[in-house]
Amino acid sequence: MKKSTYHIIGLMSGTSLDGLDICYARYSYTNNWSFKIINAITVPYDHKWMNILKNLTNKSREEIDIVDFKYTKLLSNLILDFIASFEITNIDAISSHGHTVLHKPSKGLTFQIGNLKLLSELTNHTCVCDFRQQDISLGGQGAPLVPVGDNLLFPEFKFCINLGGFCNISFTKSNDLLAFDICPFNIGLNYYSKKLGFDFDESGSLSSSGEIIEPLLKRLNSLDYYNLSGPKSLGLEWVLKNVFIDISKYDYNPHDILRTLVEHSAIQISKILNKHGNGTVLLSGGGVKNSFFIDRLYFHSSSEFIIPETLIIDFKEALIFGFLGVLKLRNEINCVMSVTGASRNHSSGKVYEIFK
């Protein structure tokens, strides 16, 4: 039986390795969906887990399986701490994205750790997880998954853009929901900020002090990915091959690399907005706090950029993965073919039930 109100703990771990976002929210349905974020925190990864997660692409499947088990235990402990800290008693389910280890949709591959049944057993709560695999099996990209949540929870905006490890966009055109990864974002900015001794480029202070490397900017803007039509998505493997390795061939100043990456992202985002008519844009994700980047975005685009309250900026993806779990529990569509390229719309994810 479908309920009108759900209380869900949503989890999101992105490729930028900022940490684990945990969001406890209420979702209500009366003709339209509404939500309220009740509690939310980001738990940073310690150096041990940071190193483990960023080096997983070099591991064997056997090694990854061991990490999968340990990571699932880590998630369960963080969830239980979160529940205890906020004295949460009303929980319909935990809905978890997991952490992406591999994403090669062209080869029919995607894999996220932390999606084991063990998560429900250790937390003693029903868990919804592993949202990408079913879409891949139906011929889709397995990404992006957030657009259904954007469409149903934030319908007042023409575009929704998230500035996380990658920049992705969602919007409706001719009654079709469209979405795709535009370009790499924090995955590159954080990487080169660390070379200067900083975890990230706060307010864009590092990039704003650099100069644009024109040959690099030209190479980045000419990458084949930007000429592909959707559905399409990006992964860490693509960034390693097309961005990091290329940059490593030259003795560039990290400040100048950051300045060039900022300009590249602003140009690519603006190209998409200009192509689809501009309009109101809801921005979310850590990149919203990079004021220098926002200035460059305004320079290249005539769209109106809306920066929401901090809870939405920081936790929109965790909020939406909680919502995707709600849709799965209701057996309603949470993954659409116009976005991922799958053979049909479907309700994606696995449900590990705990009966109490």
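Because the structure is a prediction, the values reported are computed rather than measured. (Residues numbered from 1 in each chain as written. Predicted model: local features only at pLDDT ≥ 70, side-chain atom pairs only at ≥ 80, totals over all residues. Heavy atoms only, no water.)

## Topic: the pattern of salt bridges
- In this structure the tally under the stated criterion is 10 salt bridges.
- Ionic pairing is found between Asp246 and Arg219, a salt bridge with its closest N-O pair at 3.0 Å. Placement of Asp246 in helix 8 (residues 236-248) and of Arg219 in helix 7 (residues 214-221) is noted, with a sequence separation of 27 residues between them.
- Accessibility expressed as a relative area gives 14% for Asp246, which makes it buried.
- The salt bridge involving Glu263 is made with Arg296; its shortest N-O contact spans 2.8 Å. With Glu263 in helix 9 (residues 254-275) and Arg296 in helix 10 (residues 291-300), this pair connects stretches of sequence that are 33 residues apart. (Salt bridge = Lys/Arg side-chain N within 4 Å of Asp/Glu carboxyl O. Helix = DSSP H or I, 4+ residues; strand = E, 2+ residues; numbered from the N terminus. Buried < 20%, exposed > 50% of the residue type's maximum accessible area, 1.4 Å probe, protein only.)

## Quick notes on the side chain of His97
- Structurally, His97 can be placed in the loop between strand 4 (93-96) and strand 5 (99-104).
- Under the relative-accessibility criterion, His97 is labelled buried at 4%.
- Ignoring any residue separated from it by four or fewer positions in sequence, one finds His97 in contact with Leu11, Met12, Ser13, Gln112, Asn115, Arg132 and Phe321. (Contact = heavy atoms within 4.5 Å.)

## Some remarks on the sheet that holds strand 2 (residues 20-30)
- If you walk across this open sheet you meet the six strands as 3-2-1-4-7-13, and the pairing is mixed. Edge positions in the sheet fall to strand 3 (32-43) and strand 13 (350-352), since each has one partner strand and no second. The mean angle between the axes of side-by-side strands here comes to 20 degrees, regardless of whether they run parallel or antiparallel.
- Of the strand pairs in this sheet, strand 2 and strand 3 are connected by 11 bridges, and their pairing is antiparallel. (Pairing = 2+ DSSP bridges. Axes fitted to C-alpha atoms, helices over the stretch in contact; angles between N-to-C directions.)

In short, shape yes, function no, at least from these values alone.
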